[in-house]
Amino acid sequence: MDHTLESLAAEQHAGGGVKEIWKVTIILTVLTLVELGFGFMMMGMDDGLGKHFIKGVIIILMLAKAFYIVGYFMHLKHEVRNLIMTVVVPLFLFVWFIIAFLTDGNSFKDNKNKWDRNHKERSKEPMPEHEEGTHSLE
Amino acid sequence: MDTTATTTTGLWKGGRSPFKVEYGKLMMWYFLMSDAFTFGAFLIAYGTTRFATNGWPNPNEVFRSYPLAGESAHAPLVFVSIMTFILIVSSVTMVLAVHEGHNMNRKGVAKYMVLTILGGLAFLSCQAWEWTHLYHEGAWWGSNPFPNADGTISTTNFTNFFFTITGFHGFHVFSGVVINIIMLIMVLKGVFDRRGHYLMIEKAGLYWHFVDLVWVFVFTCFYLI
């Protein structure tokens, strides 16, 4: 069968139609509301394990939202499997990317605090009062 | 051309699109993937810097105002959640425009494209207000009036990354609005009806959803955590 643009346009029809659109809309709204709920919950909390746990949950919710937007709104879920793979597989580089760089940043901080005493002292000084609307550049 | 030959010898023997997708749309996907790496690099640079810094400003103290609120406003997350919902809704209207395009319904496509453009403009207006507000508080590239959460001296990295990344995203929203306006004009002139398909709306839609997708990450990284 020859593929013309019209036949390709017709093949894009797969998927749940308007019903699916509204379902995904509701899911995205609920996920956002839950995220905001966690955001408000974190406000009164001190830094610690509990706060880090909530931040982890928020990141998982963020990835779920990304899945619904890419999968349903951008229709990737209904594309040919090989196409999905060529788009999604390279993105797994991010796993290494994130782990490597965040660890690097963290070890930079630890080393600097350990070996550069002046840096550590300075980062304990309180911030001087700031004048409203002034720019240090000007 | 012998049609039976191509159907029996597999997807990659020619005569058909192995991915069952038009060339332009496939390239849009790869462009968006590369753009995801650009935004990813920005956000990871932000994360790395944050991990490498003692202390960081509390976003709830920085982003706590909304239009007409006055100086003492303390409403963290409120304004940015409105911005988030504006973008989600405009994404939904974009899907509906694509859906109407499948049905070759010119009026439906035009209606939802107008709504999508309005959503984009509303988001840009919100961002313009937020930037102006922060600027008047003394925040800009190279200038950070907000102390760390524990009151200690902060670095300008906080504002540098905020303005760079939300600015880069805002520029994407702006180009998306321009693209959508061009698409709307083409729809109204009946260009796609003459072509016999609305694939162009799908490509613009992919770009628009990507803008929404990036905001999901920016919103989480800057305002929530």
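Quick look at the overall build of chain A now. For chain A, the count of helices and strands is six helices and zero strands. Reading the secondary structure of chain A in the N-to-C direction produces α-α-α-α-α-α. Sorting the 138 residues of chain A into buried and exposed places 11% on the buried side. Of all intrachain contacts in chain A linking residues separated by at least 6 positions in sequence, the fraction that spans at least 24 positions is 50%.

Time to look at the domain arrangement of chain A. Frequently, the measure chosen for interface size is the accessible area that the parts lose on association. Parsing chain A into structural domains produces domain 1 (5-90) and domain 2 (92-122). Spacing between the C-alpha centres of domain 1 of chain A and domain 2 of chain A amounts to 30 Å.

Moving on, we come to helix α3 (residues 49-73) of chain A. Across its 25 residues, α3(A) extends 35 Å between first and last C-alpha, which sits within 8% of the 36 Å expected from 1.5 Å per residue. Along α3(A), the positions that sit buried rather than exposed are Met62(A), Lys65(A), Ile69(A), Val70(A), Tyr72(A) and Phe73(A). In this fold, the buried residues of α3(A) make contact with α2 (17-43) of chain A together with α4 (78-102) and α8 (199-224) of chain B. A positive backbone phi angle near 70° is found at His75(A), which sits one or two residues after α3(A).

This part covers the interface of chain A and chain B. In this complex, chain A contributes 62 residues to the contact, which on the side of chain B involves 61 residues. For the side of chain A that touches chain B, the secondary structure elements donating two or more residues are α1 (5-11), α2, α3, α4 (81-91) and α5 (93-115) of chain A. In terms of residues, the side of chain A that touches chain B owes the most to one element, α2(A), which gives twelve residues.

This part covers helix α2 (residues 23-51) of chain B. The first and last C-alpha atoms of α2(B) sit 42 Å apart over 29 residues, in line with the 42 Å expected at 1.5 Å per residue. Of all the residues in α2(B), the buried ones are Lys25(B), Met28(B), Trp29(B), Ala36(B), Leu43(B) and Tyr46(B). Lining the buried residues of α2(B) we find α4 of chain A together with α6 (157-188) and α8 of chain B.

Here is a general trend for soluble globular proteins: nonpolar side chains tend to be buried in one another's company. Formed by 67 residues in total, the largest nonpolar core has its most connected members in Ala97(B), Met113(B) and Ile201(B). For this core, the elements supplying multiple residues, two or more each, are α2 and α3 of chain A together with α2, α4, α5 (106-136), α6 and α8 of chain B. The dominant element in this core, judged by the number of residues it contributes, is α8(B), at 18 residues. With sequence-adjacent residues up to four places away left out, Ile201(B) is seen in contact with Ala97(B), Val98(B), Gly101(B), Val109(B) and Met183(B).

Residue position: Lys20(B) is located in the loop between α1 (3-8) and α2. Separated by 198 residues in sequence, Lys20(B) and Val218(B) place their C-alpha atoms 33 Å apart.

Of the residues in chain A, 87% reach a pLDDT of 70 or more, and the chain-wide mean stands at 88. Here α1(A) is the element of chain A with the lowest mean pLDDT, 71, and α5(A) is the one with the highest, 96.

Right, let's get into the packing of α5(A) against α2(B). At a minimum axis distance of 7 Å, the contact between α5(A) and α2(B) shows a crossing angle of 25°. For the element pair α5(A) / α2(B), the angle class is roughly parallel. Considering the relative orientation of α5(A) and α2(B), their crossing is right-handed. Of α2(B), the residues touching α5(A) (which contributes Phe94(A), Phe97(A), Ile98(A), Phe101(A), Leu102(A), Asp104(A), Gly105(A), Asn106(A) and Lys109(A)) are Gly40(B), Ile44(B), Gly47(B), Thr48(B), Thr49(B) and Phe51(B). Tallied by class, residues from the contact of α5(A) with α2(B) come to seven nonpolar, six polar and two charged.

Relative orientation and spacing of two packed helices are given, respectively, by the angle between their axes and the distance between those axes. All names here are of chain B. Contact pair α4 / α5: the axes reach a minimum separation of 8 Å and the direction vectors enclose 160°. When the axis of α4 is compared with that of α5, the two are roughly antiparallel. Every pair of crossing elements has a handedness; the one defined by α4 and α5 is left-handed. When its residues are assigned to classes, the contact of α4 with α5 shows 16 nonpolar, seven polar and two charged.

What follows concerns unusual backbone geometry. Residue and element names in this part refer to chain B. Phi at Lys-20 is positive, roughly 50°, even though this residue is not glycine. A tally of 18 C-beta atoms within 10 Å means that Lys-20 is categorised as partly exposed. The phi dihedral of Leu-77 falls on the positive side, at around 75°, and the residue is not glycine. Tracing the sequence through the fold places Leu-77 in the loop between α3 (59-62) and α4. Since 20 C-beta atoms lie within 10 Å of it, Leu-77 is described here as buried.

Cut-offs applied
Numbering of residues starts from 1 in every chain and runs along the sequence as written. As they are written, the chains are lettered A onward and the ligands numbered 1 onward, keeping that order. In keeping with the predicted nature of the model, local features appear solely for residues at pLDDT of at least 70, side-chain atom pairs appear and are counted solely at 80 or more, and the whole-chain, interface and lining totals rest on all residues. Numbering of helices and strands runs from the N terminus; a helix is a DSSP stretch of H or I covering at least four residues, while a strand is a stretch of E covering at least two. Burial is judged by counting the other C-beta atoms within 10 Å of a residue's own C-beta: 20 or more makes it buried, 12 or fewer makes it exposed, and any count in between marks it as partly exposed, with every C-beta position built from the backbone. For every residue pair, C-beta atoms are placed from the backbone, and the pair is scored as a contact if these atoms sit within 7 Å. Domains are outlined according to an automatic or database domain assignment. How far a helix is expected to stretch is found by multiplying one less than its residue total by 1.5 Å. What we call a nonpolar core is a set of buried Ala, Val, Leu, Ile, Met, Phe, Trp, Tyr and Cys residues whose membership is set by joining through C-beta atoms within 7 Å. Per-residue confidence from the predictor is reported as pLDDT, which spans 0 to 100. To define axes, lines are fitted to C-alpha atoms, for helices over the stretch in contact only, and angles between the resulting N-to-C directions are given on a 0 to 180 degree scale. Orientation is classified from the angle alone, with under 35 degrees giving roughly parallel, over 145 giving roughly antiparallel, 65 to 115 giving roughly perpendicular, and any other angle giving oblique. Should the near helix be turned anticlockwise from the far one by less than a right angle, the crossing is left-handed, and should it be turned clockwise, the crossing is right-handed. Three residue categories are used. Nonpolar comprises Ala, Val, Leu, Ile, Met, Phe, Trp, Tyr, Cys and Pro, charged comprises Asp, Glu, Lys and Arg, and polar comprises the others, including Gly.

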